[in-house]
Amino acid sequence: MASILIIDDDPQILDMLGQILEREGHEVVDASNGKEGLKLYREKPTDLVITDLIMPEKEGIETIMELRRDFPDVKIIAISGGGQIDAEQYLSMAQKFGVQKTFAKPIARAELLKAVRELLN
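As the structure is a computational prediction, the values presented were derived from the model and not from experiment. (Residues numbered from 1 in each chain as written. Predicted model: local features only at pLDDT ≥ 70, side-chain atom pairs only at ≥ 80, totals over all residues. Heavy atoms only, no water.)

**Student:** Would you explain the nonpolar core in this entry?
**Tutor:** The tendency in soluble globular proteins is for nonpolar side chains to be buried as a group. Counting 19 residues, the largest nonpolar core has L17, L21, I50, I77, I79 and V116 as its most contacted members. Look past the residues within four positions of I77 in its chain and what remains in contact with it is L48, V49, I50, T51, K101, F103, A115, V116 and L119. In terms of nonpolar packing, the next biggest core, distinct from the first, is built from 18 residues, A31, M55, L67 and L91 among them. (Core = buried A, V, L, I, M, F, W, Y, C linked by side-chain atoms within 4.5 Å. Buried < 20%, exposed > 50% of the residue type's maximum accessible area, 1.4 Å probe, protein only. Contact = heavy atoms within 4.5 Å.)

**Student:** I tried to follow the packing of aromatic side chains on my own but got confused; where do I start?
**Tutor:** Aromatic ring pairs are defined here through the distance separating the ring centres and the angle between the ring planes. Within this structure, the stated rule accounts for 1 aromatic pair. Here the aromatic rings of Y41 and F71 are separated by 4.8 Å at their centres, their planes lie at 75 degrees, and the arrangement is edge-to-face. Of the two residues, Y41 is situated in helix α2 (residues 34-43) and F71 in the loop between α3 (60-70) and β4 (76-80); the sequence distance between them amounts to 30 residues. On the basis of relative accessible area, F71 is assigned to the partly exposed category, the value being 22%. (Phe/Tyr/Trp six-rings, centres within 6.5 Å; stacked < 30°, edge-to-face > 60°. Helix = DSSP H or I, 4+ residues; strand = E, 2+ residues; numbered from the N terminus.)

**Student:** What should I look at first to understand unusual backbone geometry in this one?
**Tutor:** Trans peptide bonds make up most of the peptide bonds, and negative phi angles are found at most residues other than glycine. Omega for the bond connecting K105 with P106 falls within 30 degrees of zero, at 0 degrees, which places this linkage in the cis form. By secondary structure assignment, the location of P106 is in the loop between β5 (101-104) and α5 (109-120). A positive phi angle is found at E57, which is not glycine, with a value near 70 degrees. By the element assignment, E57 lies in the loop between β3 (48-52) and α3.

**Student:** Would you explain α5 in this entry?
**Tutor:** One full turn of an α-helix is made of 3.6 residues, so residues set three or four places apart face in the same direction. Look at α5: 17 Å from first C-alpha to last across 12 residues, which is about the 16 Å you get at 1.5 Å a residue. Residues of α5 that are buried: L112, L113, A115, V116 and L119. All buried residues of α5 lie within an arc of 160 degrees about the axis, which places them on one face of the element. In α5, the exposed residues that point more than 90 degrees away from the buried face are A110 and K114. (Expected span 1.5 Å × (residues − 1). Arc of directions from axis to C-beta.)

**Student:** Help me out: how do you make sense of the side chain of T46 in this one?
**Tutor:** Within the fold, T46 resides in the loop between α2 and β3. Here L48 takes part through its backbone oxygen, which lies 3.0 Å from a polar atom of the side chain of T46. Not counting residues within four places of it along the chain, the set of residues in contact with T46 comprises S3, I4, L5 and Y41. (Polar contact = N/O pair within 3.5 Å; in protein donor to acceptor, adjacent residues only side chain to side chain.)

**Student:** Is there a simple way to explain a nonpolar patch on the surface in this structure?
**Tutor:** A contiguous nonpolar surface patch, about 240 Å² in accessible area, is contributed by M65, M93 and F97. Along the chain, F97 falls in the loop between α4 (87-96) and β5. (Patch = residues over 30% accessible without salt bridge, like charges linked within 9 Å, V, L, I, M, F, W, Y side chains within 5 Å. Areas by Shrake-Rupley, 256 points an atom, 1.4 Å probe, with all protein chains shown as cover. Salt bridge = Lys/Arg side-chain N within 4 Å of Asp/Glu carboxyl O.)

Following this line, the structure appears as structure tokens:
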């Protein structure tokens, strides 16, 4: 199956998404912020990146912009629970920077797996 990098500052989200994807046979690597995620991706690129948008150190939009600049073909799913503005506004911004799919938290398992399958095929 595919290798997937999950970037989120919430350990529960990392664990939940990791379990869902590993049960489907995917190899999962995780990072707690964009800076760590970019380092991991540069060391060993994955087939897909799932990133939160609001994180410490390097937030999701910056991470997406850097990934797009250095790896134009990277497949990215953006997720957000919102922050100072609602999640949909953050996700709309992420789409402008070239993410293929967006989800507001909480994420439905079936929707996530459908999006992952679509992007990996």
